[in-house]
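# Summary of the model geometry
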Amino acid sequence: MRSFIKTLKRYFHTLRYLKLIQFKYRLLRQFPKKINFRTIKNLSVSSFSDPIWIKSKKETFDGEYFYFLNKKIKFSKDVWSKTFDDILWSYNCNYLDFINEQTKFDKTKYIFAWIENTSIEEGISFDPYPTSLRLVNLIKWCLSNKNYNESILNSIYFQAIVLKENIEWHLLANHIISNFKAIIFAGYFFDNEQSKRWLRDGKKNLLKQLDEQILKDGAHCELSPMYHNIVISDLLDLLQINNLSKTKYDQGFEIALNKKINSMLDWSKNMTHPDNEIAFFNDSTFSVCPRFNELKDYKNLVSKEQFQDETQNISYMSDSGYISLRTDLGKIIIDAGNIGIDHNPGHAHADSLSFELSINSKRFFVNSGTSTYTRSELRNFQRSTRAHNTVEVNYSNSSDVWDIFRVGARAKNINTELINEDNKIIIKSFHNGYKKIIGGNIHQRTWEIEKNKISILDKLLGEDASGTSRLYLHPNVEIESINDNQIKVMHSDGTPILVDIPDSKFILKDSNYYCEFGLAKPNKCIEIEVRNNSCRLSVTKL
């Protein structure tokens, strides 16, 4: 009975935040509209200037093998219609990213192979998200190669019709931005009455979604640095196709896009470590999204309005709750906010009050990252509080992350204070996750940041509780020595730091750093006991 009540509460807290439109379209998806393919003769294509798309340096297909998520599979004609154990692999295969990569082989025959060996009735090829990405890739390829083969044009047109009938209103968030991006691309690309409607409706819906999804501090509402950069890339592609169009250029659309892109680039810069890679908060990992400097260069290449890259030592992004600090010690990024958008927290982790730290441009303390979207214990772990540099109380998560993309009761930030003194920065923040989930404590964390030192004080306000604070070391950081309550660690570049834990017992554990999909690198975790509802530690650069 107790288990049943717990499950009921979990579903209640998961569903209570959904919007009515999400309920509506979850119901309508059970009754899909049948759409039949028909060839349209002499499809007219609009006129464009020569494009300069951002090019990925990775190679996902060499003409013989597909390589995604650190998994290699030989090409076969049914590879696109198969449903692999990892649906994300199947999705990546159907994006057709490879047609715009720098590899040198005939891409045309593989486009025809996809057209001939997929159908709307079989597999995931025509799911809205892969269809959105593939549509954009195909249109980019046609414009770059000036190839307007009738069969390819008819396939693109049909895919746009299918997508327009299957916009992901049940999900919203980054998915619906990708949907409307693809519809807008098709609207610019073709030149007929239907494409004009796609363009008009696509712009209207996209701009409305951007106003809802982009916070005032520039953050995308899901608070994932990875998806944030993907959305910037989407908007830059839209900016370029608008500017390239010789007949459909829209100055108002350009101005609106530039405004969002500039604020989002600021947030991306703050959430980027000195190694020019994203921080690991929520679902984030390497080799999926463009880096900040690539996005900045792309912006300056395709826009008349250049991005003004101004460096600030202290950035408190109050709408998203993140704090980014550059000090003599290095760069520290702190999560002092909520877990993300309430109506779709699918990419959220229970990482409240966690942080990452780079010293001398090298990562030292890292959250564990993301390597899978499959239903598994590993997925559960990667979203859990214990996978992050924060405090776990009574073996519970600070937010009730469950299944692959669900969240029940969730932590809310109560208050954050930032005090900038002459030689010290003090940050104090609170969240109520444990109070809401297990009727327990308020977690208060205070960072004191000095020239070459960070001190962290954790307090569990309320009843006596069992807690564990964790510090995950980057794989390039090794343990040098352990003396009493001090641990000396050394980065592979020779930078030493001292971790001082004066009042608590600690142990070292083997763990893994999940820095790409399908990849785990061994690292170490320092687990620190929270005694008498408090825990102190400091990190000093030697």
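Up top is the structure these notes are about.
In what follows, the accompanying structure is described.

Conventions used here
- Residues numbered from 1 in each chain as written.
- Predicted model: local features only at pLDDT ≥ 70, side-chain atom pairs only at ≥ 80, totals over all residues.
- Heavy atoms only, no water.
- Helix = DSSP H or I, 4+ residues; strand = E, 2+ residues; numbered from the N terminus.
- Rg over C-alpha atoms; globule rule 2.2 N^0.38 Å.
- Areas by Shrake-Rupley, 256 points an atom, 1.4 Å probe, with all protein chains shown as cover.
- Lys, Arg positive; Asp, Glu negative; His and termini not counted.
- Charge placed at Lys NZ, Arg CZ, Asp CG, Glu CD.
- Patch = residues over 30% accessible without salt bridge, like charges linked within 9 Å, V, L, I, M, F, W, Y side chains within 5 Å.
- Salt bridge = Lys/Arg side-chain N within 4 Å of Asp/Glu carboxyl O.
- Buried < 20%, exposed > 50% of the residue type's maximum accessible area, 1.4 Å probe, protein only.
- Contact = heavy atoms within 4.5 Å.

On to the overall build of the chain. Helix and strand counts for the chain come out as 13 helices and 21 strands. By the compact-globule yardstick of 24 Å for 542 residues, the chain fits well, its C-alpha radius of gyration being 24 Å. Entry remark: accessible area of the chain is about 23,300 Å², with carbon and sulfur atoms responsible for 47%. Side-chain charges in the chain split into 73 positive and 65 negative, and the spacing between the mean points of these groups amounts to 4 Å.

Side chains of Met1, Phe4, Ile5 and Leu8 sit close together on the surface and give an oily, nonpolar patch of about 470 Å² of accessible area. Of note, Phe4 is situated in helix H1 (residues 2-15).

The next subject is the pattern of salt bridges. Per the stated rule, a full pass over the model turns up 35 salt bridges. A salt bridge links Asp342 to Lys412, with the nearest nitrogen and oxygen atoms 3.0 Å apart. Of the two residues, Asp342 sits in the loop between strand S5 (330-335) and strand S6 (355-359) while Lys412 sits in the loop between strand S10 (406-407) and strand S11 (413-420), which places them 70 residues apart along the sequence. When its relative accessible area of 22% is taken as the criterion, Lys412 is described as partly exposed. Among the ionic contacts, a cluster of salt bridges with common partners joins Lys140, Lys181, Asp234 and Asp237.

So, about the side chain of Lys203. By the secondary structure assignment, Lys203 is in helix H8 (residues 193-213). Among residues more than four places away in sequence, those in contact with Lys203 are Ile184, Tyr188, Lys248, Asp250 and Phe253.

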